[in-house]
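# Inside the fold
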Amino acid sequence: MTLQVKPKLIIHGGAGSSLQGKGGLEAVRRSLYTVIEEVYSLLLAGATASEAVVRGCQMLEDNPRFNAGTGSVLQSDGQIRMSASLMDGTSGRFSGVINVSRVKNPIELARFLQTSPDRVLSDHGSLELSRELQVPTYNGLTDLRLQEWIQERQDNFKSTMAGVVAEPELAQSSNAGRGTIGVVALDGYGKLAAGTSTGGKGFERIGRVSDSAMPAGNYATSHAGVSCTGIGEDIIDECLAAKIVIRVSDGMSLQEAMLRSFTEASKNARDLGAIALDATGAISWGKTSEILLAAYHNGDTIGDTLEWKDGELIGYC
Ligand code: GLY
C-alpha cells in the first residue's frame, strides 16, 4: 500500500535529574538513534503505527541501559516486576500488563491483549498468559541493577527510586531517576499508536502499580498519542497522557495542549516528562524534570532532547 502521509516517530528512554558525563550522553544518544533508524525504516516500508511502536518498545526493552525489560530496576524485595501498555489510536484500544515477571518483552503481552476481551492483566494473570503463549522464561536482571539494589539495601533504602539509566557511575551515585521507555508513531496511513514499558521506580513497595499500564501514562486516539515518563504517582495525579490527548481530540493544537498540561504539572510541582505526536504530524515533548531522554524523526532528520536544559517546559517541531 502506498504511504499517504510522511511518517513521524518519537521515542523516550526516561526522564531524570542528570546524565553524568559526555560518555553517558553520547552512549544514550547512540542507543536512541539506533531505535529511531530501524523503526523509521519500518514505517517507510509500510509498517502500521502499532507495529512500529511494538518494535521500538522491544528494542528499548532489550537495551540494558534503560529501565524496562532487560535492565529493569529491582523492587524493595529484590525482584523485577514490569508493566507495559499499548494503545492503538485507530481502534481506540488500550491493553497492558501490570507487574509481570520473568518475560523478556512485556510489550509483546500488551500487543497480544489488543484483541483479547480482557485487555489489562495484573501479575498473576500476566504470568498465566505468558505460560499459555509459551513465552520462554527470562531473567532481565543485570549486574548493575543488582549492585544498585545491594547499595540501597546497605543504605536501608534511603533513595526513593533507582537510577534512570544504568551507567556504572550512576549505580554508585544517589542520582535519582524516573526510568521508563516509550514510543509514539504516526504511520504512512495517518494512524497513531503509543506504547510505554517500565521496570517501575525501583525499591518500591510490593504491589505498587505504575502509571505505564494506565491511560494516565500512555494514551492515543485518532487525533494524538502520548507516552509519559517520570514519577508514576505524579503522572497519575495529572492524568497526563489522557489529558493531553483529549485536549487535542477536542480541538486544541498539540503545542497548546502540551504547554497547558505542563504548566499545570509544573505548578503542582510534579516530576515527569512526555513525548507526543498528533495526526497532522506535529511532534512535541515536555518535562518538569531536569532531563528528558527523547529522540525523534520528523520525516527529514533525526533530533533529540538530550542537551535541552533551557528552562522551557515544552519543545516541538
Ligand atoms: N513512570 C514509571 C513509574 O513510575 O513506574
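The residue count restarts for each chain, going from 1 along the sequence in the order it is written. Reporting in this predicted model follows two pLDDT cut-offs: at least 70 for local features of residues, and 80 or more for side-chain atom pairs to be given and counted; totals over whole chains, interfaces and linings ignore these cut-offs and use all residues. Hydrogens and water are ignored here; the side-chain numbers use all heavy atoms of the structure.

## Structural notes on the confidence of the model for the protein
- With 91% of its residues at a pLDDT of at least 70, the protein reaches an overall mean of 92.
- Within the model, pLDDT remains below 50 along residues 169–177, and this stretch shows 23 contacts once partners closer than five positions in the same chain are excluded. Values of pLDDT, ranging from 0 to 100, describe the predictor's confidence in every residue of the model. Contact definition: two residues touch when any of their heavy atoms are within 4.5 Å.

## Some points on the pairing of strand 10 (residues 272–278)
- Counting buried residues along strand 10, seven of its seven residues qualify, which places the element largely inside the surrounding structure.
- Here strand 10 shows a buried face lined by Leu272, Ala274, Ala276 and Asp278 and a second buried face lined by Gly273, Ile275 and Leu277.
- DSSP calls a pair of strands paired once it identifies at least 2 bridges connecting them. In DSSP terms, a helix is any run of H or I states spanning at least four residues, a strand is any run of E spanning at least two, and both are numbered starting from the N terminus. Where strand 9 (residues 224–230) meets strand 10, seven bridges bridge the pair, whose relative direction is antiparallel. Each residue of the ladder has a partner; that of Gly230, found in strand 10, is Leu272.
- Here strand 10 runs beside strand 11 (residues 283–287); their pairing, made up of five bridges, is antiparallel. When the bridges of strand 11 are listed, Ala276 appears paired with Ser284. Each residue's exposure class comes from its accessible area (1.4 Å probe, protein chains only) as a fraction of the maximum for that residue type: buried when under 20%, exposed when over 50%, partly exposed otherwise.

## Focus: the packing of helix 8 (residues 240–249) against helix 9 (residues 254–267)
- As a packed pair, helix 8 and helix 9 sit with axes 9 Å apart at the nearest point and diverge in direction by 145 degrees. Pair helix 8 / helix 9 crosses with right-handed handedness. Of helix 9, the residues touching helix 8 (which contributes Leu240, Lys243, Ile244, Arg247 and Val248) are Leu254, Ala257, Met258, Arg260, Ser261, Phe262 and Glu264.
- Classification convention: Asp, Glu, Lys, Arg as charged; Ala, Val, Leu, Ile, Met, Phe, Trp, Tyr, Cys, Pro as nonpolar; all other residues, Gly among them, as polar. Of the residues in the contact of helix 8 with helix 9, the class split is seven nonpolar, one polar and four charged. Between N-to-C directions, angles cover 0 to 180 degrees, with each direction set by a line fitted to C-alpha atoms, over the stretch in contact for helices. With the far helix as reference, a near helix turned anticlockwise by less than a right angle produces a left-handed crossing, and one turned clockwise produces a right-handed crossing.

## Comments concerning the sheet that holds strand 14 (residues 314–316)
- Taken in spatial order, the five strands make up an open sheet running 8-9-10-11-14, and their pairing is antiparallel. Each of the sheet's edge strands pairs with one partner strand only, and the pair in question is strand 8 (218–220) and strand 14. Looking at each pair of strands side by side, their axes are set apart by 10 degrees on average, direction ignored.
- Note: strand 11 against strand 14, three bridges, orientation antiparallel. Counterpart to Gly286 in the pairing with strand 14 is Ile314.
- Docked against the sheet, helix 8 engages strand 8, strand 9 and strand 10, running at close to 155 degrees with respect to strand 9.
- Seen against the sheet, helix 9 touches strand 10, strand 11 and strand 14 and runs at an angle of roughly 165 degrees to strand 10.

## With respect to the pattern of salt bridges
- Salt bridge criterion: a side-chain nitrogen from Lys or Arg within 4 Å of a carboxyl oxygen from Asp or Glu. Counted by the stated rule, this structure contains 17 salt bridges.
- A salt bridge links Lys6 to Asp300; its shortest N-O distance comes to 3.0 Å. Taken together, the residues Lys6 in the segment before strand 1 (8–16) and Asp300 in the loop between strand 12 (291–297) and strand 13 (302–304) connect sequence positions 294 residues apart.
- For Asp300, a relative accessible area of 59% translates into the label exposed.
- With a shortest N-O distance of 3.8 Å, Glu204 and Arg208 are connected by a salt bridge.
- On the basis of relative accessibility, which here comes to 5%, the residue Glu204 falls in the buried class.
- Relative accessible area serves as the criterion here: at 12%, Arg208 is assigned to the buried category.
- Salt bridges sharing partners connect three or more residues here, namely Asp237, Glu238, Lys243, Arg247, Glu264 and Arg270.

## A closer look at the UniProt feature "active site" (unreviewed entry) in the protein
- UniProt positions are given in the numbering used here, feature names are shortened, and annotations may be inferred rather than shown by experiment. Mapped onto this structure's residue numbering, the UniProt feature "active site" (unreviewed entry) falls at Thr180.
- Along the chain, the position of Thr180 falls in the loop between strand 5 (177–178) and strand 6 (181–186).
- The exposure class of Thr180 is buried, given its relative accessible area of 3%.

## Some remarks on the UniProt feature "binding site: substrate" (unreviewed entry) in the protein
- Mapped onto this numbering, the UniProt entry annotates "binding site: substrate" (unreviewed entry) at Arg208, Val209, Ser210, Asp211, Thr229, Gly230, Ile231 and Gly232.
- Position of Val209 relative to the elements: it lies in the loop between strand 7 (192–198) and strand 8.
- Residue classification places Val209 among the partly exposed residues on the basis of a relative accessible area of 32%.
- Residues within four places of Val209 in sequence aside, it is in contact with Ile98, Asn99, Met214 and Ile236.
- Topologically, Ser210 is positioned in the loop between strand 7 and strand 8.
- Dropping the residues within four chain positions of it, Ser210 is found in contact with Ser83 and Thr198.
- At 2.9 Å, the side chain of Ser210 and the backbone nitrogen of Ser212 are in polar contact. Whenever a nitrogen or oxygen atom comes within 3.5 Å of another N or O atom, the pair is scored as a polar contact, on the condition that within protein one atom can donate a hydrogen and the other can accept it, and that pairs from neighbouring residues in sequence are kept only if both atoms are in side chains.

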